[in-house]
Amino acid sequence: MKTNHLLLSLALLAIGSTARAQQSFLQSGPMLGYSEMREVMLWVQTNATATVHFTYREKGKKSPEYHTASVKTEKTRGYAAHCLADQVEPGKDYEATLFINDQAISLPYPVEFHARDLWQWRTEPPAFKFVIGSCAYHPDPTYDRPGKPYGGDEQIFKHILDQEPDLMIWLGDNMYLREADWNTMTGIHYRYTRSRSLEVLQPLLARVHHYAIWDDHDYGPNNSDQSFIHREKTLAAFKHFWANPTYGVLGESGVTTQFSWSDCDFFLLDNRYFRSAANRTTGKRTMLGEHQIEWLLDALKASQATFKFVCIGGMVLSEAAMYENYIALYPQERKHLLEAIQKDGISGVIFLDGDRHHTELSKWSPEGQFTIYDVTISPLTSGAHQGDGGKNTLLVEGTEVAERNFATLEVTGPHEDRLLTIRVFNMNGEEKWEYEIRAKELHKK
């Protein structure tokens with residue numbers, strides 16, 4: 001009898017040791033990627049080659065239990081894996097368990113995701129809340145510039161989760177490539193891994209759906225454009241570490257994509273891959289490229305969404321011609337885009353952007369035309385700066401924030417009277433300002 005007890009104890013000890021061994025393979029995540037009505041993408045990263053998969057079931061139920069396909073993580077992909085949950089039903093919430101090398105991984109926080117709602121022709125559009133932010137710099141003394149640390153206050157990610165958003169849109173400069181990073185895939189993967197592995201970030205990754213665009217610091221060197229010789233490396237890494245629904249439009253490369261949530265459409269643009277040199281005096285100057293702009297205008301015109309959120313790395317409406325603002329570097333293209341939106345009768349447009357290390361809201365209401373807003377939110381953990389010193393004549397009074405911050409955007413109300421409520425919070429979760437936009441306002445001529 002004692003022998004049986006000893007064998008059982010040894011077997012349990014072996015199982016526990018195996019589980020701990022597989023736990024040690026986990027580098028970062030799980031992260032929730034895109035959500036559709038019939039599938040959701042789940043992401044995870046290991047620190048060495050391993051086989052990963054997820055099981056998932058409807059929240060609150062023990063069965064049935066579903067499995068994603070197993071994926072082998074590889075060094076060439078930064079040991080990152082995309083696992084497709086393709087047995088979900090619209091509008092349902094699910095809880096998931098990560099397996100590494102067929103061993104369940106115990107986490108101190110839940111992994112929970114939502115399949116998008118099928119509400120059309122059935123109910124009012126669901127209310128939802130999303131978060132936006134940009135410029136997340138995580139200190140790394142070995143590779144940082146000497147002097148005062150540039151990044152900090154990483155508890156901001158806890159305060160974001162406290163808001164219980166359905167999704168988060170990262171508006172560029174989501175991590176900062178250093179001089180030692182951007183010329184090699186080794187360096188690029190290192191920087192992504194270090195940024196994604198931040199401990200306080202993990203619960204947010206596991207409970208909120210994440211979408212992303214990029215700007216110069218996660219594309220390449222500061223202020224970089226299409227001439228950056230290693231842009232295919234950073235594009236590949238972007239695809240490894242983010243789980244957007246698609247990458248690129250009209251047969252072209254880049255990170256451009258589009259998705260819907262409730263009665264809103266989101267257009268995620270690429271302001272780097274097609275960008276011409278801003279200081280050239282010959283040739284056509286463009287930030288978005290002709291094909292991407294034409295796709296955007298077609299997609300906006302086709303959209304029946306109440307709010308059409310256009311996400312882009314840099315400020316669009318601001319009339320302060322400073323730094324990398326649209327009007328400062330590519331005024332003709334900006335003029336063409338805004339005029340085309342008005343001439344084509346495209347209502348409900350709101351630009352969402354970052355980059356500038358301060359936050360502000362701009363409002364453009366040309367007489368007899370549609371009102372357009374531009375919500376600039378920056379930075380998350382990078383250094384914060386003062387605004388443009390009153391040079392933006394479209395600035396909504398009282399909306400400048402010169403400290404680390406994020407914003408929640410909540411869409412509520414019946415279909416015929418949807419309300420967008422924007423709230424900006426500082427790094428401590430304290431509300432700085434609130435602003436309401438009724439959909440009717442954007443559809444008036």
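Residues numbered from 1 in each chain as written. Predicted model: local features only at pLDDT ≥ 70, side-chain atom pairs only at ≥ 80, totals over all residues. Heavy atoms only, no water.

What to know about the packing of helix α7 (residues 290-302) against helix α9 (residues 331-343)
At step 1: Between α7 and α9, the least distance of the axes is 11 Å, while the angle of their chain directions is 20 degrees. Overall, the two elements α7 and α9 adopt an arrangement that is roughly parallel. By crossing handedness, the relation of α7 to α9 is classed as right-handed. Residues I293, E294, L296, L297 and L300 of α7 touch α9, and the partners they reach there are E333, H336, L337, A340 and I341.
At step 2: In terms of residue class, the contact of α7 with α9 is built from seven nonpolar, one polar and two charged. (Axes fitted to C-alpha atoms, helices over the stretch in contact; angles between N-to-C directions. Helix = DSSP H or I, 4+ residues; strand = E, 2+ residues; numbered from the N terminus. Parallel < 35°, antiparallel > 145°, perpendicular 65-115°, else oblique. Left-handed = near helix turned anticlockwise from the far one by under 90°. Contact = heavy atoms within 4.5 Å. Nonpolar A, V, L, I, M, F, W, Y, C, P; charged D, E, K, R; others polar.)

Notes on empty space enclosed by the protein
A probe matching the size of a water molecule, rolled over the atoms, marks out where space remains unfilled.
At step 1: With the rule as written, the count across this model stands at one cavity of 30 Å³ or more.
At step 2: Taken as a whole, the largest cavity spans an internal volume of roughly 100 Å³.
At step 3: Residue lining of the largest cavity: H138, W170, N174, M175, Y192, S195, R196, L201 and W242, and that is the complete set.
At step 4: Sorting elements by how many residues they give to the lining of the largest cavity places helix α3 (residues 185-196) first, with three residues. (1 Å grid on protein atoms, 1.4 Å probe; cavity = no way out; pocket = protein on both sides within 12 Å on 5 of 7 lines; lining within 4 Å. Points joined across faces, edges and corners; volume = space filled by probe spheres on them.)

Side note on α3
At step 1: Over its twelve residues, α3 extends 16 Å from the first C-alpha to the last, a length consistent with the 16 Å expected when each residue adds 1.5 Å.
At step 2: Within the span of α3, buried status applies to G187, I188, H189, R191, Y192, T193, S195 and R196.
At step 3: Taken together, the buried residues of α3 touch β1 (26-35), β2 (40-46), α4 (202-207), α5 (216-219) and α6 (231-241). (Expected span 1.5 Å × (residues − 1). Buried < 20%, exposed > 50% of the residue type's maximum accessible area, 1.4 Å probe, protein only.)

Some thoughts on the pattern of salt bridges
Once their charged atoms are close, side chains differing in charge can pair, the charge on each being opposite to the other.
At step 1: On inspection of all chains with the given rule, the structure shows 25 salt bridges.
At step 2: D153 is paired through a salt bridge with R404; the nearest N and O atoms lie 2.5 Å apart. Of the two residues, D153 is situated in the loop between β10 (128-133) and α2 (156-162) and R404 in the loop between β18 (372-376) and β19 (405-412); the sequence distance between them amounts to 251 residues.
At step 3: Its relative accessible area of 15% is what places R404 among the buried residues.
At step 4: It is possible to trace a salt-bridge network through shared partners that takes in D140, D181, R191 and R194. (Salt bridge = Lys/Arg side-chain N within 4 Å of Asp/Glu carboxyl O.)

Let's talk about the layout of surface pockets
At step 1: Taken as a whole, the largest pocket encloses approximately 820 Å³ of empty space.
At step 2: Of the residues contributing to the lining of the largest pocket, the split by class is 13 nonpolar, nine polar and eleven charged.
At step 3: Approximately 380 Å³ is the volume found for the second largest pocket.
At step 4: If you trace the second largest pocket, you find 14 residues lining it, with E112, E164, P165, D166 and R207 closest to the centre.
At step 5: Take the lining of the second largest pocket: its biggest share by element is three residues, from strand β9 (residues 111-114).

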